[in-house]
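Observations on chain architecture
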Amino acid sequence: GAGVSQTPSNKVTEKGKYVELRCDPISGHTALYWYRQSLGQGPEFLIYFQGTGAADDSGLPNDRFFAVRPEGSVSTLKIQRTERGDSAVYLCASSPEQGPYNEQFFGPGTRLTVL
Amino acid sequence: AQTVTQSQPEMSVQEAETVTLSCTYDTSESNYYLFWYKQPPSRQMILVIRQEAYKQQNATENRFSVNFQKAAKSFSLKISDSQLGDTAMYFCAFLLGGGGSNYKLTFGKGTLLTVNP
């Protein structure tokens, strides 16, 4: 079956612009996660959705970052007034439900470059 | 807060040989899970192996096995009969069990493994 997909694969933008990154989870997975992977680092947690609601957004770095999942499936990560420090690979993952027994399946990520 | 440390930024191994990747972690919790993920150039993270902290027996998955030393907070990955396709970044990760934030993976910085022909 289809895995987690993310679009676009790469995004280049200018400082100050607005960007949207999309994640299509595996069908039927209720839990969805966003992570950010900066150059030379491991992924860092940003936000977790259970269904339509953001159950934990404690990893979002500031209020320029926002994510939605209006119908409990596709999620969009939105970044306003992008800064060069936002350049990273943004990874999305989904799992059947929340909890350590449920493997998180990752997408290929979106590489965001802010010039 | 939990931390995960991978002290080997890069390693290399000859095809068919065995290599061990190191990972240490710090936590005050007793109920947790540990993982090794593989990230090839395609960027897609793939789960290699997982270990429940309450299990004394080390996990194995085909050519991959772990050495879990709970008291020492050490969790190393052994890859036997290395193959060219094993070339990738390998990340050690920690996850709390029980209630609370049992969905938030904490990753190390990774080890780049190169398998040479």
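Positions within a chain are numbered from 1, following the residues in the order the chain's sequence is written. By the order in which they are written, chains take letters starting at A while ligands take numbers starting at 1. Given that the model is predicted, a residue must reach a pLDDT of at least 70 before its local features are reported, and side-chain atom pairs must reach 80 or more before they are shown or counted; all residues, however, enter totals for whole chains, interfaces and linings. In computing side-chain properties, one takes all heavy atoms of the structure into account and sets aside hydrogens as well as water.

**Section: the packing of aromatic side chains**
Any pair of Phe, Tyr and Trp rings, taking the six-membered ring for Trp, is counted once the centres come within 6.5 Å. Such a pair is stacked with planes under 30 degrees apart, edge-to-face with planes over 60 apart, and tilted for the rest. Overall, the coordinates contain 16 aromatic pairs over all chains when judged by the stated rule. Arranged with centres 5.6 Å apart and planes meeting at 80°, the rings of A:Phe106 and B:Tyr37 form a pair that is edge-to-face. On the criterion of chain membership, the pair formed by A:Phe106 in strand S10 (residues 105-106) and B:Tyr37 in strand S5 (residues 32-39) is interchain, its members lying in two chains. In this structure, A:Phe106 and B:Tyr37 share a single accessibility class: buried. Ring pairs connect the aromatic residues A:Tyr33, A:Tyr35, A:Phe45, A:Tyr48, A:Phe106, B:Phe35, B:Tyr37, B:Phe91, B:Tyr103 and B:Phe107, which therefore count as one cluster. Segments assigned H or I by DSSP are reported as helices when at least four residues long, segments assigned E as strands when at least two residues long, and all are numbered from the N terminus. Per-residue accessibility, obtained with a 1.4 Å probe over protein chains only, is compared with the maximum for each type, and a residue is labelled buried under 20%, exposed over 50%, and partly exposed between these values.

**Quick notes on the layout of surface pockets**
Size it by volume and the largest pocket reaches roughly 390 Å³. Put simply, the parts of the chain that give the lining of the largest pocket at least two residues each are strand S9 (88-95) and strand S11 (110-114) of chain A together with strand S10 (88-96) of chain B. Considering only enclosed or pocket space, the second largest pocket measures out at about 280 Å³ in volume. Every residue lining the second largest pocket is counted, 16 residues in all, and those nearest its centre are A:Gly42, A:Pro43, A:Glu44, A:Phe45 and B:Thr106. At the level of secondary structure, the elements contributing two or more residues to the lining of the second largest pocket comprise strand S5 (44-50) of chain A together with strand S11 (106-107) of chain B. Polarity classes work like this: nonpolar for Ala, Val, Leu, Ile, Met, Phe, Trp, Tyr, Cys and Pro, charged for Asp, Glu, Lys and Arg, and polar for all others, with Gly in that last group. A class-by-class count of the residues in the lining of the second largest pocket yields 6 nonpolar, 6 polar and 4 charged. Grid points spaced at 1 Å and placed over the protein atoms alone form the basis of the search, with a cavity being a set where a 1.4 Å probe fits but cannot get out and a pocket an open set showing protein on both sides within 12 Å along at least five of seven lines. Lining residues have an atom within 4 Å of a point. Grid points are joined across faces, edges and corners, and a volume is the space filled by probe spheres set on the points.

**Structural notes on the side chain of A:Arg69**
Residue and element names in this part refer to chain A. Inspection of the secondary structure assignment puts Arg69 in the loop between strand S7 (65-68) and strand S8 (75-79). Positive charges come from Lys and Arg alone, negative charges from Asp and Glu alone, with His and the N- and C-terminal ends not counted. Salt bridge, as used here: a side-chain nitrogen of Lys or Arg that lies within 4 Å of a carboxyl oxygen of Asp or Glu. Despite its burial, Arg69 pairs with no opposite charge; the closest candidate is Asp24, at 9.7 Å N-O. Engagement of the side chain of Arg69 in a polar contact is seen with the backbone oxygen of Thr30, the distance being 2.6 Å. Here a polar contact is recorded for every N or O atom pair within 3.5 Å, except that within protein the pair must consist of a potential hydrogen donor and a potential acceptor, and residues adjacent in sequence are included only if both atoms are side-chain atoms.

**A short note on the interface of chain A and chain B**
Contact between two residues is taken to exist if any of their heavy atoms lie within 4.5 Å; hydrogens are not considered. Taken together, the contact pairs 28 residues of chain A with 24 residues of chain B. Accessible area, probed at 1.4 Å, shrinks when two parts are joined; the buried area is that loss added up over both. Counting each side, the surface lost to burial between chain A and chain B is near 2000 Å², with a carbon and sulfur contribution of 49%. Among the residues of chain A in contact with chain B, A:Pro100, A:Tyr101 and A:Phe106 are the three that bury the most area, contributing 29% of the side total. Our count for the contact surface shared by chain A and chain B stands at 1 salt bridge. In this structure, B:Lys104 and A:Asp56 form a salt bridge, with 3.4 Å as the shortest nitrogen-oxygen distance. Across the contact surface, chain A and chain B share 10 residue pairs in polar contact (both at pLDDT 80 or more). Of all the elements, strand S4 (residues 31-37) of chain A adds the most residues to the side of chain A that touches chain B, at 3 residues. By residue class, the composition of the side of chain A that touches chain B is 12 nonpolar, 13 polar and 3 charged.

**Observations concerning the state of the cysteines**
Residues and elements named next belong to chain A. Note on terminology: pairs of cysteine sulfur atoms within 2.5 Å are recorded as disulfides. A full pass over the atoms with the stated rule returns 2 disulfides over all chains. Here Cys23 is linked by a disulfide to Cys92, with a sulfur-sulfur distance of 1.9 Å. Its S-S torsion of approximately -65° makes the covalent link between Cys23 and Cys92 left-handed. Remark: Cys92 occurs in strand S9 and Cys23 occurs in strand S3 (residues 19-24); sequence separation between them is 69 residues.

**A short note on empty space enclosed by the protein**
Counted by the stated rule, this structure contains 1 cavity of 30 Å³ or more. In this structure, the largest cavity occupies an estimated 40 Å³ of space. Lining the largest cavity, in full, are A:Pro100, A:Asn102, A:Glu103, A:Gln104, B:Phe35, B:Tyr37, B:Arg50, B:Leu95 and B:Leu105. For the lining of the largest cavity, the per-class residue count stands at 5 nonpolar, 2 polar and 2 charged.

**Considerations on unusual backbone geometry**
Across the junction of A:Thr7 and A:Pro8, the peptide omega takes the value -10°, indicating a cis bond. Here A:Pro8 shows up in the loop between strand S1 (5-7) and strand S2 (10-13). The phi dihedral of B:Ala16 is positive, around 80°, even though this residue is not glycine. In this fold, B:Ala16 is placed in the loop between strand S2 (10-14) and strand S3 (19-21). A positive phi angle, near 55°, is found at B:Asn62, a position not held by glycine. Under the relative-accessibility criterion, B:Asn62 is labelled exposed at 81%.

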